[in-house]
Structure formats: structure tokens, C-alpha cells
Amino acid sequence: MPGTVQNASPFLEAEDIWVEFNGKPAVKGISMRVDRGEVVAIIGPSGSGKSTFLRCINHLQAPTSGTVKIDGISVREGKGGHPKSKELTQLRRRVGMVFQQFNLFPNLTAVENIMLAQVQALGRTKKDARGRALALLDRVGLEHRANHYPGECSGGQQQRIAIARALALDPMVLLFDEPTSALDPELGAEVLGVMKEMASEGMTMIVVTHEMSFAEDVADRVAFIADGAIVEQGNPKEVLRKPQHSRTQRFLKAVLER
Amino acid sequence: MVIFDIFTTLLQGVKYTLLVSFAAFFLGALIAVPVTAARRSRYAFVRGIGTAYVELLRGIPPLPWLFIVFFGLPSFGVILPPIQSGILVFGLVGGAYLTEIYRSGFRAVPNGQVEAGEALGVSRFYIYVKILIPQAVRTMLPLAIAYLIGLLKDSAIVSIVGVQDISALSLVENRSSSDGLLVFIVASAMYLILSVPIGIFGRWLGVRLTGRRKRTPEPATVTEAVMIR
């Protein structure tokens, strides 16, 4: 249940999401409401279902049951049937995603990576898309890497290119799936810097992360997920400094003692 | 000189060896497209059809297929000349092998690539055209070239139904020649001369494609390709 009082109609609403893999539940009825401009950090142990839940928001993972509604758009699910592709496309255009492994297209240069969906999904002209891509690369401090292939860039640079790519469709919300877990602390800091900037500019963000300082300093709310369910959530300082549940206490103790 | 005479005679067969193997390769490359699509379908029934095609064509040697087409089809009123029969059989069989090569190419692309495309709202068609195929080709091309070399050699089978290729002409020449060993050595050398450059081209292509794009799985080498067959 949401820990804060919400408006009647939230900007993003995930309701009673269940995901089963081969009959085993990985996500057990998670509900979450996110307001426009809110930054939510999701923390929790590996295998707790937090990434799976995140992937349900843009339907990279089809929930076994439950609904996701973003800005009034939802994708109808049949139990075995496939989601309606028109609704799916509409939903995905509103949601950008940044992956743990960056998932840049290695056959395209940085600028081409950022142009691709602008041209193929939004129908922008190549000229417009290129201009937009270069502006975004400039924003993440990588204009000089525009014509380089991902394989020629450092991990931190690749992830910043991936963020620029996600921003190119002007998403209403950005999902981050452990964006710094594949990076060393120094390169991770580059990426977190960009994310912090976006948060301060009012971007709505849901961030699955193990970076506790980011959760505490940048997020408006922290949700702790374990065993496929939200154990507790609320103000970052309260959840991280004074956790109420023993499961949260155990997890945070392990993180701090590392 | 005897060896020169043998060489010029067998040279007449080179064009048929090349015609059958290359035409069959391109026919197979086309056939493999819908069969690969079937094997990657989300519907089990369609996948089953693709699997059945591959297993049926691979599980029976080309020679019986050639007999069925050349000697069997005429009883249904379908009469194909030797060359066309050879191209058809090796095209159909090649379609099965090339399906597996296409598939291994797609499987070598990390799933995150498709997910990134989907998350960006790129349609299935453009995910294939712009993301999957350009990456899969790096794995597929060296394997396909290795298959082409195999095809060039296996095409000797079509001599049995009367295609005047290198092997057929070597049999004819053997009857009139006093030195049978020399005839077959020259014929063997001609296959070697044809296949080695293709292999070199394949390796060159493999190196070129591996070039600057890192961070994706290395394409399979020609040696691995031979193992697939």
C-alpha cells in the first residue's frame, strides 16, 4: 500500500501486479502509485522481484495479473493472450528504460543509437533526430563521442549514451534497472551525476538500485521489496535510517556492514 | 601434354559444378528465410512445421532426394532436367542447413538487444532490420560460407543423373585415358582450387566483420561451422 497520501488519479499506477515463472510467483501483488516528478528508489535483495516488477511497468515482462496505467493509458491483458500491440506501443512511448547492461546497439554509433527509435517509432526526420541526439549527447557530456561505436566507449559513457537514448523519445517516466551495477564506483558516479541532474529537472523516475546514498539523497520515496512484495516504503531518511520491519533492518544492516 | 588435355577437358565441367552449387546456395538462402521465421514463431504449431522441414531434409541424404526428384517426380508428370533437379535438391536441403545457421546467428545476439528495441517502441520489423540482422550476420556469414564450400564438393553427386560437371567428365575421361589416377587427381585438384579461395574469402570476411564492434559475442569461426555440418 502507498505510504503517502496520493491524489485521486495518480500519474502512474501499478495495481496488484503478479508475475509467475513456471508456476512460481516472483512478484506477489505489488501496487505502486507514482506522481509526476516523483523519484522512487526501489531497493531490496537480489532475486526479490524488484527488477521483474520494474519490467512490468513497460511490459517487457507481461504480468500474470494486474494492471499498469500511465497517464490514462493501460495495456489490457488476456490470461494467455498477447497484449494489444497498439496500446503497448503507446505505453512504451511514454516510458524510457535504462538497463543494467546498457544494451546499446553495437552495430550503430552513439548518435545512431539515439536516432533509431526517433525515426522508426516517432517518425521524426533523420535531420531532426540527429539534432536531437546531438543535443542529448551534449547534455550527458558526450558530444565528442557521437560518431563512436559503443564498443569504443567506457562503461560509464555507454550508460550515459543509453540514458540519452531513453530521453530521445521525450518519455514521461524513466525506469532504471540497476543502472550502475555493471560499473566501477568512479564510472557509476558519472552516471549517478546525470541521473541526479534529471531528477532535479523534474523527471519522473523509478530506480531499482543498490546505491543507498543515491536513494537517500535523490529519491523522494524509497520502497523496500523482498520476496516479491513491498515490505515498507516512505521517506528515504525514515526507511533507510529507521526501518520498521525486521526484514528491512536485516537487509540494511548487511548493506552497511559490507 | 596429357595432363593439359585432361585439364582442358575437365574445365568444361567447372561451369556446371559452380552453377549447381551457387544456384542451390542462393535458393537455399531464400528458402531458409521463411523456415527460420517459422522456427522462431511464437506459435508452437508453426514452429513444428519449421522443425519438421529441417529434420526431414537433413535426415535423408541428398542422393535419395535426387533420385526422388529425378526418377520419382516424372511419374507425377513433373519432369526436371538434370541440372534443375540438382539445384532443386541441394536448394531444398541447403534451406534446412541454412535455417540452422540463421538461427544460430539470431541466438548469438543477446536478448537485451531485442528488449532495448521493444522498450523504445521500435516495431518488430525494424528490430529485425536495424538491430538483429546486422548483428546476427556476423555469426551467420562465416558459417554460410563454410556451408557453400561443402555444397561445392557435395554437388559432385549430381553427376549421377547426368550433369556434365567436373566429376562426370572425369569418369568419361577415365574411360578414354590410359592414366586413370592422373585424371582423378586433376579432378580433385580442381575442387581444391575452387574451394580454397572461398574459404579465404570467408576468413577475410570474418575478420572484417569482427573489426571494431566489440562487446557482442565473437562470431563463430569456419572451423566451428564445419562442426555444425
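The structure displayed is predicted, hence computed values, not measured ones.

Undergrad: Explanation requested: helix H9 (residues 246-257) of chain A in the structure shown.
TA: Along an α-helix, residues three or four apart share an orientation, since each turn contains 3.6 residues. All names here are of chain A. Compared with an ideal rise of 1.5 Å per residue, which puts 12 residues at 16 Å, H9 spans 16 Å between its outermost C-alpha atoms and is within 8% of the ideal. If you check which residues of H9 are buried, you get Thr248, Phe251 and Leu252. Across the axial projection of H9, the buried residues extend over an arc of 95°, all falling on one side. Of the residues in H9, the exposed ones pointing more than 90 degrees away from the buried face are Ser246, Arg250, Lys253 and Glu257.

Undergrad: So what exactly am I meant to see when it comes to the UniProt feature "transmembrane region" (unreviewed entry) in chain B here?
TA: Taking the UniProt record as the reference, the feature "transmembrane region" (unreviewed entry) is found at residues 16-35, 56-73, 79-98, 140-161 and 181-205 of chain B. Along residues 16-35 of chain B the backbone is 100% helical and 0% strand, and the end-to-end C-alpha distance reaches 28 Å.

Undergrad: Is there a simple way to explain the sheet that holds strand S8 (residues 204-208) of chain A in this structure?
TA: Strand pairing in a sheet takes place through backbone hydrogen bonds and is either antiparallel or parallel in direction. All names here are of chain A. Across the sheet, 6 strands lie side by side as S6-S7-S8-S3-S9-S10; this open sheet has mixed pairing. The open sheet terminates on both sides in strands that have one partner only, identified here as strand S6 (95-98) and strand S10 (229-234). Within this sheet the neighbouring strands show an average axis-to-axis angle of 20°, counted without direction. Sheet topology places strand S3 (residues 39-43) next to S8; 4 bridges connect them, and they run parallel. From the neighbouring strand, Val39 faces S8, where its bridge partner is Met205. Along the sheet, helix H6 (residues 185-200) makes contact with S3, strand S7 (173-177) and S8, crossing S8 at roughly 145°. Contacting S3, strand S9 (221-226) and S10, H9 crosses the sheet at an angle of about 100° to S9.

Undergrad: Teacher, can you tell me more about the interface of chain A and chain B here?
TA: When the parts of a complex come together, some accessible area is lost, and that lost area is often used as the size of the interface. Taken together, the 25 residues of chain A in the interface contact 21 residues of chain B. When chain A packs against chain B, the two sides together hide about 2,200 Å² of surface, and 60% of this comes from carbon and sulfur. The interface formed by chain A and chain B includes 1 salt bridge. Put simply, B:Glu115 and A:Arg55 hold a salt bridge, and the shortest N to O gap is 2.6 Å. One can count 5 residue pairs in polar contact (both at pLDDT 80 or more) joining chain A with chain B. Among the secondary structure elements, those contributing two or more residues to the side of chain A that touches chain B are helix H2 (85-94), S6, helix H3 (110-120) and helix H5 (155-167) of chain A.

Undergrad: Would you mind showing me how to read the UniProt feature "domain: ABC transmembrane type-1" (unreviewed entry) in chain B here?
TA: Within this numbering scheme, the UniProt entry marks residues 14-202 of chain B as carrying the feature "domain: ABC transmembrane type-1" (unreviewed entry). Helix makes up 81% of residues 14-202 of chain B and strand 0%, and the two end C-alpha atoms of the span are 21 Å apart.

Undergrad: What is the right way to read the packing of aromatic side chains from this model?
TA: How two aromatic rings sit relative to each other is given by the distance of their centres and the angle of their planes. All names here are of chain B. Using the criterion set out here, one finds 8 aromatic pairs over all chains in the structure. The interplanar angle of 80° and the centroid separation of 5.2 Å between the aromatic rings of Phe125 and Tyr126 together place this pair among those described as edge-to-face. Classification of Tyr126 by relative accessible area gives partly exposed; the value is 29%. One aromatic cluster in this structure is built from Phe67, Phe70 and Phe71.

Undergrad: What is the right way to look at the pairing of S10(A) in this model?
TA: Each regular strand carries side chains that alternate between the two faces of the sheet. All names here are of chain A. Here S9 runs beside S10; their pairing, made up of 5 bridges, is antiparallel. Within the sheet, the bridge partner assigned to Ala226 lies in S10 and is Ala229. Where S9 folds back onto S10 in an antiparallel hairpin, the turn is made up of 2 residues, including Asp227, whose phi is positive at roughly 55°.

Undergrad: Even after reading the chapter, I still don't get the confidence of the model for chain B, so can you show me in this structure?
TA: Atomic detail in the predicted coordinates should be set aside for any region of low pLDDT. Residue and element names in this part refer to chain B. The predicted model of chain B has a mean per-residue pLDDT of 89, with 91% of residues at 70 or higher. Looking over chain B, one finds the lowest element-wise mean pLDDT in helix H9 (residues 222-228), namely 45, and the highest in helix H2 (residues 44-59), namely 97. Per-residue pLDDT stays below 50 along residues 212-229; that stretch engages in 35 contacts with residues further than four places along the chain or on separate chains.

Undergrad: How should the sheet that holds strand S4 (residues 65-70) of chain A be read in this particular structure?
TA: Residue and element names in this part refer to chain A. If you trace the 4 strands from one edge of the open sheet to the other, you get S2-S1-S4-S5, paired in antiparallel fashion. Every other strand in the sheet has two partners, leaving strand S2 (24-34) and strand S5 (73-74) as the edge strands with one partner each. Examined bridge by bridge, strand S1 (residues 12-21) and S2 share 8 bridges and lie antiparallel to one another. Counted as the bridge partner of Leu12 is Val34 from S2. The strands that helix H1 (residues 50-57) touches are S1, S2 and S4; relative to S1, the one it contacts most, it runs at about 125°.

Undergrad: Mind showing me how you'd approach unusual backbone geometry here?
TA: As a rule of thumb, non-glycine residues mostly have phi less than zero, and peptide bonds are mostly trans rather than cis. Residue and element names in this part refer to chain A. We note that Asn22 has phi near 50°; this positive angle belongs to a residue other than glycine. Structurally, Asn22 is set in the loop between S1 and S2. Judged by its relative accessible area of 82%, Asn22 falls in the exposed class. Backbone geometry at His59 places phi at a positive 65°, although glycine is not the residue there. Mapped onto the fold, His59 is located in the loop between H1 and S4. On the basis of relative accessible area, His59 is assigned to the buried category, the value being 5%.

Undergrad: Just checking my understanding: could you explain the pattern of salt bridges for this structure?
TA: It is possible for side chains bearing opposite charge to pair when their charged atoms get close. Residue and element names in this part refer to chain A. By the definition in use, this model includes 17 salt bridges over all chains. A salt bridge links Arg36 to Asp71, with the nearest nitrogen and oxygen atoms 3.5 Å apart. One end of the pair, Arg36, is in the loop between S2 and S3; the other, Asp71, is in the loop between S4 and S5, with 35 residues separating them in the sequence. When its relative accessible area of 31% is taken as the criterion, Asp71 is described as partly exposed. The residue Glu257 makes a salt bridge to Lys253 at a minimum N-O spacing of 3.5 Å. Separated by 4 residues within a single helix, Glu257 and Lys253 lie in helix H9, roughly one turn from each other.

Reading the values: the criteria
- Residues numbered from 1 in each chain as written.
- Chains lettered and ligands numbered in written order.
- Predicted model: local features only at pLDDT ≥ 70, side-chain atom pairs only at ≥ 80, totals over all residues.
- Heavy atoms only, no water.
- Helix = DSSP H or I, 4+ residues; strand = E, 2+ residues; numbered from the N terminus.
- Expected span 1.5 Å × (residues − 1).
- Buried < 20%, exposed > 50% of the residue type's maximum accessible area, 1.4 Å probe, protein only.
- Arc of directions from axis to C-beta.
- UniProt positions renumbered as here; feature names shortened; annotations may be inferred.
- Pairing = 2+ DSSP bridges.
- Axes fitted to C-alpha atoms, helices over the stretch in contact; angles between N-to-C directions.
- Contact = heavy atoms within 4.5 Å.
- Buried area = accessible area lost by both parts, 1.4 Å probe.
- Salt bridge = Lys/Arg side-chain N within 4 Å of Asp/Glu carboxyl O.
- Polar contact = N/O pair within 3.5 Å; in protein donor to acceptor, adjacent residues only side chain to side chain.
- Phe/Tyr/Trp six-rings, centres within 6.5 Å; stacked < 30°, edge-to-face > 60°.
- pLDDT = per-residue confidence, 0-100.

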